[in-house]
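# Structural overview for review
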Amino acid sequence: MTDTTTITVHPFRMGTDKEAALKPLEEASEAREAAQQLQGLIDVEPMLVHSKELTDLIDSLRVLLADEIADTITACANLAARYGIDLQAALDRVERRNRERGRYA
């Protein structure tokens, strides 16, 4: 059985066509930066990871990364809604291709 994640996104119209097309890239860039910051802290010496201050910082960066991922997903949903694209159908196609490529255990 495959693990799945179910999300609800409420897209909203925002900006010009160009702005809507660029927004997912901007949000993905911010998610990448948050992930790099988080990974940098996780890679710190294992003994240091147990400090309360570092643990709290890692937790706050996880929240930041989660928020940036959510912003990215929302921006993509906004773009899809703008052009009447059925994201579920696209996700189903992508999953089918990934299964054919053996990407799932």
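None of the values given here were measured: they were computed from a predicted structure. (Residues numbered from 1 in each chain as written. Predicted model: local features only at pLDDT ≥ 70, side-chain atom pairs only at ≥ 80, totals over all residues. Heavy atoms only, no water.)

## Observations regarding the overall build of the protein chain
Looking only at helices and strands, the protein chain features four helices and zero strands. When the helices and strands of the protein chain are placed in sequence order, the string is α-α-α-α. The C-alpha radius of gyration computed for the protein chain amounts to 17 Å, which surpasses the reference 13 Å derived for 105 residues by more than 25%, pointing to a less compact arrangement than a globule. The C-alpha extent of the protein chain, read off along each of the three principal axes, is 50 × 40 × 20 Å. Buried positions account for 19% of the 105 residues belonging to the protein chain. Taking as baseline every contact in the protein chain between residues at least 6 positions apart, the subset at least 24 positions apart corresponds to 66%. Element-wise, carbon and sulfur atoms account for 57% of the exposed surface of the protein chain, whose accessible area totals about 8,200 Å². The averaged location of the 19 negative side-chain charges in the protein chain is 9 Å from the averaged location of its 13 positive side-chain charges. (Helix = DSSP H or I, 4+ residues; strand = E, 2+ residues; numbered from the N terminus. Rg over C-alpha atoms; globule rule 2.2 N^0.38 Å. Buried < 20%, exposed > 50% of the residue type's maximum accessible area, 1.4 Å probe, protein only. Contact = heavy atoms within 4.5 Å. Areas by Shrake-Rupley, 256 points an atom, 1.4 Å probe, with all protein chains shown as cover. Lys, Arg positive; Asp, Glu negative; His and termini not counted. Charge placed at Lys NZ, Arg CZ, Asp CG, Glu CD.)

## Some thoughts on the environment of A35
Along the polypeptide, A35 turns up in helix α1 (residues 17-42). Here the alpha-carbon distance between A35 and I69, two residues 34 residues apart in the chain, equals 9.8 Å.

## Things to note about the packing of aromatic side chains
Inspection of the entire model under this criterion finds zero aromatic pairs. Seen from the ring of Y104, R99 lies directly overhead, with NZ or CZ sitting 4.6 Å from the centre. (Phe/Tyr/Trp six-rings, centres within 6.5 Å; stacked < 30°, edge-to-face > 60°. Lys NZ or Arg CZ within 6 Å of the ring centre and 35° of its normal.)

## Quick look at a positive patch on the surface
Positive charge collects at one region of the surface, where R93, R96, R97, R101 and R103 lie side by side. Mapped onto the elements, R97 comes out in helix α4 (residues 87-100). Residue R97 is classed as partly exposed on the basis of its relative accessible area of 39%. (Patch = residues over 30% accessible without salt bridge, like charges linked within 9 Å, V, L, I, M, F, W, Y side chains within 5 Å. Salt bridge = Lys/Arg side-chain N within 4 Å of Asp/Glu carboxyl O.)

## Description of the nonpolar core
In terms of nonpolar packing, the biggest core is built from eight residues, these being A31, A34, L38, L41, L54, I58, L61 and L65. The set of elements that each furnish at least two residues to this core consists of α1 and α3 (52-82). (Core = buried A, V, L, I, M, F, W, Y, C linked by side-chain atoms within 4.5 Å.)

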